[in-house]
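Descriptive analysis of the structure
Next come the chains, spelled out residue by residue.
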Number of protein chains: 2
Amino acid sequence: MPGTSLDFTARLRAAGLRPTRQRVALARLLFEGGHRHVTAESLHVEVKSAQMPVSLATVYNALNQFRDAGLLREVVVAPGRSYFDTNTGHHHHFFVEPDGALHDFPSDKVTIAGLPAPPKGTRLSRVDVIVRVRR
Amino acid sequence: MPGTSLDFTARLRAAGLRPTRQRVALARLLFEGGHRHVTAESLHVEVKSAQMPVSLATVYNALNQFRDAGLLREVVVAPGRSYFDTNTGHHHHFFVEPDGALHDFPSDKVTIAGLPAPPKGTRLSRVDVIVRVRR
DNA sequence: GCAGTATTTAGAACTGTTCTAAACTCCTTG
DNA sequence: CAAGGAGTTTAGAACAGTTCTAAATACTGC
């Protein structure tokens, strides 16, 4: 029986997070289907309409914890709102202005050459490529 | 006499903005030296300590107007704060986490190959590359 | 089961930004 | 070169998104 809450319970535990009812509900919404992009607000609306009441504060807490645990990746594309991406693998983003839609694209074919070395005393953390497009 | 307020007056007028005392003061701080990165808050502190009182609301207004006029470029690197860059030419950014320092690097030598075509019905607006580094 | 710690919650607080409406300033015209 | 009107500035309120607080609750190890 795939997609059962047991999967998420184990996955949360493996990430060092107690599998509470709320976290399991959120994990299920986030990870059950394909890759997704959510904001705290959008996920809160979703979890409410799924008859699994979770407070907004808990949604924020969970998103931050999932990100810290490597289950999610935070994408910063627009001032004043944070997107979280369930795809934590190497990939980049299309960002459609002004509607705020975000789409992944794989980094397989993308090559970036000629990047300068990191400033003295720092080491590379990540390279984000955001392709901004308009209608 | 280079760097005189006349330069900024003309430049603002050319951008379709009335050269008010406040806008000239801000333009001077922003454009007089080399390229800079500022936030509304940092620029407000600066203009206050330069004995040219300008309200915070006006700093926000001016930054947005300068950006809309193409005098500044907005850089989104961290959730919850906007940076403005006086360098409007092609270039990319180093972002030093967690202190929030931002450094330009030229896009001359950087080549990005293999980017997918923009989604149907959209056209390319800009490609941002943010190299995140840690101490 | 029970105790003890982690988590959740509602609401307050906070941060960064925008709005409001009254006062002021730049610019044009007469 | 005075006056009028549109554009601008201002302080403070309002707002959006996020984090904090302290009390109530739920998970886990024993």
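In short, a report on the structure. (Residues numbered from 1 in each chain as written. Chains lettered and ligands numbered in written order. Predicted model: local features only at pLDDT ≥ 70, side-chain atom pairs only at ≥ 80, totals over all residues. Heavy atoms only, no water.)

**Observations regarding the interface of chain B and chain A**
Interfaces are often sized by the accessible area lost when the parts come together. Heads up, the condition is: Here, two residues are considered to be in contact whenever any of their heavy atoms come within 4.5 Å of each other. Buried area counts how much accessible surface, traced with a 1.4 Å probe, disappears from two parts once they are put together, with both parts' losses summed. Just to be clear on terms, a salt bridge is a Lys or Arg side-chain nitrogen sitting within 4 Å of an Asp or Glu carboxyl oxygen. Under this definition, polar contacts are N or O atom pairs within 3.5 Å; protein pairs additionally need one hydrogen-donor-capable and one acceptor-capable atom, and for neighbouring residues in sequence, both atoms have to be side-chain atoms. Put simply, DSSP marks the helices as runs of H or I at least four residues long and the strands as runs of E at least two long, and each gets a number from the N terminus on.
Between chain B and chain A, the residue contacts involve 37 residues of the former and 37 residues of the latter. It is V76, R132 and R134 of chain B in chain B that bury the most area against chain A; as a group they hold 18% of the surface buried on that side. The interface formed by chain B and chain A holds two salt bridges in total. Between R132 of chain A and D128 of chain B there is a salt bridge whose closest N-O contact spans 2.7 Å. Across the contact surface, chain B and chain A share 14 residue pairs in polar contact (both at pLDDT 80 or more). Those elements giving two or more residues to the side of chain B that touches chain A turn out to be strand 2 (73-78), strand 4 (91-97), strand 6 (111-113) and strand 7 (123-134) of chain B. A per-element tally of the side of chain B that touches chain A places strand 7 of chain B first, with 12 residues.

**Some points on the packing of aromatic side chains**
All names here are of chain A. Keep this limit in mind: Only Phe, Tyr and Trp rings take part, Trp by its six-membered ring, and two of them pair if their centres are within 6.5 Å. Stacked means planes under 30 degrees apart, edge-to-face means over 60, and tilted covers everything else. Think of it in three bands: residues with accessible area under 20% of the maximum for their type are buried, residues over 50% are exposed, and the middle band is partly exposed, with areas taken using a 1.4 Å probe on protein chains only. For a lysine, the NZ atom is tested; for an arginine, the CZ atom; a charge sits over a ring if that atom is within 6 Å of the ring centre and within 35 degrees of the ring normal.
Taken as a whole and assessed by the stated rule, the structure comprises six aromatic pairs over all chains. Arranged with centres 6.2 Å apart and planes meeting at 35 degrees, the rings of F31 and F66 form a pair that is tilted. Remark: F66 occurs in helix 4 (residues 56-68) and F31 occurs in helix 2 (residues 21-31); sequence separation between them is 35 residues. Accessibility classification places F31 together with F66 in one group, the buried group. Geometrically, the ring pair formed by Y83 and F95 is edge-to-face, given 6.3 Å between the ring centres and 80 degrees between the ring planes. In this pair, Y83 sits in strand 3 (residues 81-85) while F95 sits in strand 4 (residues 91-97), placing the two residues 12 residues apart along the sequence. Here Y83 matches F95 in class, with each residue buried. Cation over ring: R11 sits above F31, and NZ or CZ is 4.6 Å from the ring centre.

**A word on the sheet that holds strand 3 (residues 81-85) of chain B**
All names here are of chain B. To be explicit about the condition: The pairing criterion is simple: DSSP has to find at least two bridges between the two strands.
With respect to topology, three strands assemble into an open sheet ordered 1-3-2, the strand pairing being antiparallel. Each edge of the open sheet carries a strand with a single partner, namely strand 1 (37-38) and strand 2. Note that strand 2 and strand 3 share four bridges and pair antiparallel. Note that in strand 3 the partner of V75 across the bridge is Y83.

**Concerning unusual backbone geometry**
For residues that are not glycine, phi is negative in most cases, and the peptide bond is trans in most cases. The backbone of Q51 of chain A sits at a positive phi, close to 60 degrees, despite the residue not being glycine. When you line up the elements, Q51 of chain A lands in the loop between helix 3 (40-49) and helix 4.

**Description of the protein's contact with DNA strand D**
The criterion, for reference: Nearness is defined per residue: one heavy atom within 4 Å of the molecule or strand is enough. In this classification, the charged set is Asp, Glu, Lys and Arg, the nonpolar set is Ala, Val, Leu, Ile, Met, Phe, Trp, Tyr, Cys and Pro, and all remaining amino acids, among them Gly, are polar.
Every one of the 23 residues lining DNA strand D counts as a neighbour, but R13 and Y60 of chain A together with T20, Q22 and R23 of chain B are closest to it. Across the atoms of DNA strand D situated within 4 Å of the protein, the share located in sugar and phosphate is 82%. Backbone polar atom of S55 of chain B to a phosphate oxygen of DNA strand D: 2.9 Å apart, as the coordinates give it. T58 of chain B is positioned with one of its side-chain polar atoms (N or O) 2.7 Å from a phosphate oxygen of DNA strand D. Within the residue set of the surface near DNA strand D, elements represented by two or more residues are helix 4 and strand 3 of chain A together with helix 2 (21-31) and helix 4 (56-68) of chain B. Here the surface near DNA strand D takes four residues from helix 4 of chain A, the largest share from any one element. Residues belonging to the surface near DNA strand D are distributed by class as follows: seven nonpolar, nine polar and seven charged.

**Focus on the environment of A62 of chain B**
With respect to the helices and strands, A62 of chain B occurs in helix 4. Relative accessible area serves as the criterion here: at 2%, A62 of chain B is assigned to the buried category.

**Considerations on the pattern of salt bridges**
Here the idea is simple: oppositely charged side chains can pair when their charged atoms come close. If you walk through the whole model with that rule in mind, you get 18 salt bridges over all chains. The partner of R28 of chain B in a salt bridge is E32 of chain B, with the nearest N and O atoms 3.9 Å apart. Overall, E32 of chain B belongs to the partly exposed group, its relative accessible area being 43%. D128 of chain B is the salt-bridge partner of R73 of chain B, the closest N and O atoms lying 3.4 Å from each other. Residue R73 of chain B is found in strand 2, and its partner D128 of chain B is found in strand 7; the two are separated by 55 residues along the sequence. Each member of the pair R73 of chain B and D128 of chain B is classed as buried. Each of R73, R126 and D128 of chain A together with E97 and R132 of chain B takes part in a single network of salt bridges with overlapping partners.

**Quick notes on the sheet that holds strand 7 of chain B**
Using the following cut-off: Axis definition: a line fit to C-alpha positions, over the contact stretch in the case of helices; interaxial angles, taken between N-to-C directions, run 0 to 180 degrees.
Pairing is mixed across the open sheet formed by six strands, whose spatial order is 5(A)-4(A)-7(A)-7(B)-4(B)-5(B). Unpaired on one side and paired on the other, strand 5 (101-106) of chain A together with strand 5 (101-106) of chain B mark the two borders of the sheet. Strand-to-strand, the axes of this sheet are offset by a mean angle of 30 degrees, without reference to chain direction. Where strand 4 of chain B meets strand 5 of chain B, six bridges bridge the pair, whose relative direction is antiparallel. Looking at the pairing, F94 of chain B lines up with H103 of chain B of strand 5 of chain B.

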